[in-house]
Amino acid sequence: MSVVVRFAPSPTGPLHIGGIRTAFYNYLLAKKLGGKFILRIEDTDQVRFVPGAEEYIMEALRWCGIEIDYGVREGGPDAPYRQSERGVIYQQYTQQLLSEGKAYIAFDTPGELTEMRTQAEKSGNPGWQYNYLTRKGMINSLTLSEAAVKQRTESGEPYVIRLKVPEDQEVHFKDEIRGEVVVHTSQIDDKVLMKSDGLPTYHLANIIDDHLMKVTHVIRGEEWLPSAPLHLLLYQAFGWNPPSFAHLPLILRPDGNGKLSKRDGDRLGVPVFPLDWTDPDTGEKTNGFKESGYLPDALVNFMALLGWHPEGNEEVMSVERMIELFSIEKVGKSGTKFDIDKLHWFNQTYIKQKPNEYFLPYIKETLLKQGMNTDFTDEYLMKVAHLMKERAVLMKDFVLKATYLYQAPEYDSAFMAKQWNETGKNNLIALSNVWSRLNSEEWNTQRLHDTMHEWMTTNSIANKFLMPQLRLALTGVSGGPDSIEIADLLGKSETISRFERLIAQ
Ligand code: GLU
């Protein structure tokens, strides 16, 4: 049997990092087992539909390197892959359940249902459910005569279609992560399958599509675990074989036990969505990992390990390696905390591994975004990349952690107050003279280093009366890449002019 997995998001907003992880595990499994990955858009809930979300989801998956075999854009053998275009299919299968007596029509209005709940609550029964114990007292095709049902539906009275959950039965299934799950049908209500607007609910459409699309493995978030017994009952009602199920643990906030939310992200200064997102209703903008300077391969590697523990201590892994090692049995049951430091470590590690030219477009884009000078040769930017690669945690650090590589430095007042003195100033003037004698061919790290140290030795110049001043002149701040390498990068005329600028202060 060929393996088919699916990622089935509802386009209700941007995709949370948890959704990306779900998609990625599905992808890893499909690749590992030589299967297919479907992207199905579950958009039957018109109320929660958000314009732009579907495009966002596709773009986010693309950025993360998750390739779709069959989907809305790609097409495929079981198209369409957007549920709103599959209405006829759901109608047909609902009719089948009705005619076989496995589903029924219910006329109870929302007002009447609320009234039932309130009454039940008053008599000390707060968890009222529409189920096999109560349905006999409700207004539905099980309690009304056939003629009455016909008369009501034909007169246009709104109705829903509910699943007739079997009485007094145990539903068993094996979750690949959690093991055996057993639920008694008294715990399951007669869920609405078709709403009064003629649209299917998530449960119905999801099961029909998984079956028709020949899905073999359902890997999804833990929030769907309570729905799984109902889904099993639906498979049973249709007489279909269910796929295997794996419900993934939550991604938890770093400080506490709740699910990592956008609010946590804002508070901790870390995104929770892959790409920037602007809410079409409120115009509120939320930062994404991409635009905040994270590399997709670093993010995906970090995220894969939130819940999955491959054997051994391997952490930094290519997608190919993850495909090789991945197995659902190695996904833990309990939620995993989102560790920001670890994410930063991954990002830094991946940055260090990239060739210098990789960073050029990012540097150019950041300069542009910051409204800074962009007039640099690629050769210059390659050297910047080389110099900053060891220090950058986020992509924007190539610019923001070293703006002095692109424009005249701003002197940090504390650094200046501490280091700018008469001796330092005289030493800087002297060094300026020494270096001015070098011609442009001689202007390289080695020569700059040798000539400076020769002169320092001859004149017994103490490090502390030259090095901080040199750094102040070139960068304005303490810390950063080696000063001589910076001088090499800036070139002779810029270095000397920065000396003069500080000397004139
Ligand atoms: N549409 C559901 C969601 O938004 C899919 C859940 C599932 O994978 O069954 O998460």
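Higher on the page you've got the structure.
If you're wondering where the values come from, they're calculated on a predicted model, not measured in any experiment.

## Quick notes on the overall build of the chain
Scanning the chain from N- to C-terminus turns up 21 helices and 14 strands. Here the C-alpha radius of gyration of the chain, 32 Å, is well above what a compact globule of 505 residues would show, namely 23 Å. Structurally, the chain occupies a C-alpha span of about 110 × 50 × 40 Å along its principal axes. Residues classed as buried in the chain amount to 49% of the 505 residues present. Considering only intrachain contacts with a sequence separation of at least 6, the fraction spanning at least 24 residues in the chain is 72%.

## Comments concerning the site of the ligand
Surveying the vicinity of the ligand reveals the residues Arg6, Ala8, Pro9, Ser10, Glu42, Tyr202, Asn206, Arg220 and Trp224. For the ligand, the accessible surface in isolation is 300 Å², of which the surrounding protein chains cover 85%. More than half of the atoms belonging to the ligand lie within 2 Å of the grid points that define the largest pocket. In terms of residue class, the shell around the ligand is made up of four nonpolar, two polar and three charged.

## Notes on the nonpolar core
A general tendency of soluble globular proteins is for nonpolar side chains to be buried together. If you look at the biggest cluster of nonpolar residues, it comprises 113 residues, and the most contacted ones within it are Leu61, Phe338, Ile363, Leu405, Tyr406, Trp435 and Phe499. In terms of residues, this core owes the most to one element, helix H1 (residues 17–32), which gives nine residues. Listed in part, the 38 residues of the second largest apolar core include Tyr90, Ile188, Ile207 and Met213.

## Observations concerning unusual backbone geometry
In the segment running from alanine 79 into proline 80, the intervening peptide bond is cis, with an omega of 0 degrees. Relative to the assigned elements, proline 80 resides in the loop between strand E3 (70–71) and helix H3 (87–99). Positive phi is not limited to glycine here, since aspartate 168 has a value of about 45 degrees. Structurally, aspartate 168 can be placed in the loop between strand E5 (160–163) and strand E6 (170–175). Residue class for aspartate 168 comes out exposed when judged on its relative accessible area of 60%. Positive phi, normally seen in glycine, also occurs at serine 460, with a value near 50 degrees. For serine 460, the position within the fold is in the loop between helix H18 (445–458) and helix H19 (467–475). Take serine 460: its relative accessible area is 64%, and that puts it in the exposed class.

## A word on the sheet that holds strand E4 (residues 103–106)
Across a sheet, paired strands are connected by hydrogen bonds in the backbone, their directions being either parallel or antiparallel. Read across the sheet, three strands follow the order E4-E5-E8 without closing on themselves; strand pairing throughout is antiparallel. Looking along the sheet, the strands with just one partner apiece sit at the ends: E4 and strand E8 (192–194). The average angle at which neighbouring strand axes cross in this sheet is 45 degrees, direction not considered. Sheet topology note: the E4/E5 ladder contains four bridges and is antiparallel.

## A few points about helix H2 (residues 53–63)
Three or four residues apart is the spacing at which side chains of an α-helix point the same way, because the helix has 3.6 residues per turn. Across the 11 residues of H2, eight count as buried, placing the element largely inside the fold. Within H2, the full set of buried residues consists of Ala53, Glu54, Tyr56, Ile57, Met58, Ala60, Leu61 and Trp63. Those residues of H2 that are buried lie in contact with strand E1 (4–7), H1, strand E2 (36–39), strand E12 (277–278), helix H9 (289–292) and helix H10 (296–304). Of the residues flanking the end of H2, it is glycine 65, one or two places downstream, whose phi is positive at about 80 degrees.

## Looking at the side chain of arginine 162
With respect to the helices and strands, the residue arginine 162 is situated in strand E5. For the buried arginine 162, no salt bridge exists, and the shortest N-O distance to an oppositely charged side chain is 5.1 Å, to aspartate 108. A polar atom in the side chain of arginine 162 sits 2.9 Å from the backbone oxygen of aspartate 190. Apart from residues no more than four positions distant in its own chain, arginine 162 is found in contact with Ala103, Tyr104, Ala106, Leu113, Tyr130, Asp190, Lys191, Val192 and Leu193.

## What to know about the pairing of E2
Look at any regular strand and the pattern is simple: side chains alternate between the two faces of the sheet. Here four bridges tie E1 to E2, and the two strands are oriented parallel to one another. When the sheet's bridge partners are listed, arginine 6 is paired in E2 with isoleucine 38. Viewed along the sheet, the connection from E1 through H1 into E2 turns out right-handed. Taken together, the two bridges between E2 and E3 define a ladder with parallel strand orientation. From the neighbouring strand, isoleucine 38 faces E3, where its bridge partner is tyrosine 70. One crossover worth recording links E2 to the parallel E3 by way of H2, and it is right-handed.

## Considering the pattern of salt bridges
If charged atoms from side chains of opposite charge come close, those side chains can pair. Applying the stated criterion across every chain yields a total of 34 salt bridges. Here lysine 102 makes a salt bridge to glutamate 100, at a shortest N to O gap of 3.3 Å. A salt bridge links glutamate 311 to lysine 330; its shortest N-O distance comes to 3.4 Å. In this pair, glutamate 311 sits in the loop between H10 and helix H11 (319–325) while lysine 330 sits in the loop between H11 and strand E14 (336–337), placing the two residues 19 residues apart along the sequence. Within this structure, Arg6, Arg40, Glu42, Arg86, Asp209 and Asp210 form a network of salt bridges that share partners.

## Re the environment of methionine 116
Tracing the sequence through the fold places methionine 116 in helix H4 (residues 110–122). Methionine 116 sits in the partly exposed class, given a relative accessible area of 32%. Distance from methionine 116 to glutamine 236, taken between C-alpha atoms, is 30 Å for residues 120 residues apart in sequence. Those residues in contact with methionine 116, other than ones at most four positions away along the chain, are Trp128 and Met138.

Calculation notes
- Residues numbered from 1 in each chain as written.
- Predicted model: local features only at pLDDT ≥ 70, side-chain atom pairs only at ≥ 80, totals over all residues.
- Heavy atoms only, no water.
- Helix = DSSP H or I, 4+ residues; strand = E, 2+ residues; numbered from the N terminus.
- Rg over C-alpha atoms; globule rule 2.2 N^0.38 Å.
- Buried < 20%, exposed > 50% of the residue type's maximum accessible area, 1.4 Å probe, protein only.
- Contact = heavy atoms within 4.5 Å.
- Near = heavy atom within 4 Å.
- Areas by Shrake-Rupley, 256 points an atom, 1.4 Å probe, with all protein chains shown as cover.
- 1 Å grid on protein atoms, 1.4 Å probe; cavity = no way out; pocket = protein on both sides within 12 Å on 5 of 7 lines; lining within 4 Å.
- Sits in = over half its atoms within 2 Å of the grid points.
- Nonpolar A, V, L, I, M, F, W, Y, C, P; charged D, E, K, R; others polar.
- Core = buried A, V, L, I, M, F, W, Y, C linked by side-chain atoms within 4.5 Å.
- Pairing = 2+ DSSP bridges.
- Axes fitted to C-alpha atoms, helices over the stretch in contact; angles between N-to-C directions.
- Lys, Arg positive; Asp, Glu negative; His and termini not counted.
- Salt bridge = Lys/Arg side-chain N within 4 Å of Asp/Glu carboxyl O.
- Polar contact = N/O pair within 3.5 Å; in protein donor to acceptor, adjacent residues only side chain to side chain.
- Right-handed = clockwise from strand over helix to strand, strands pointing away.

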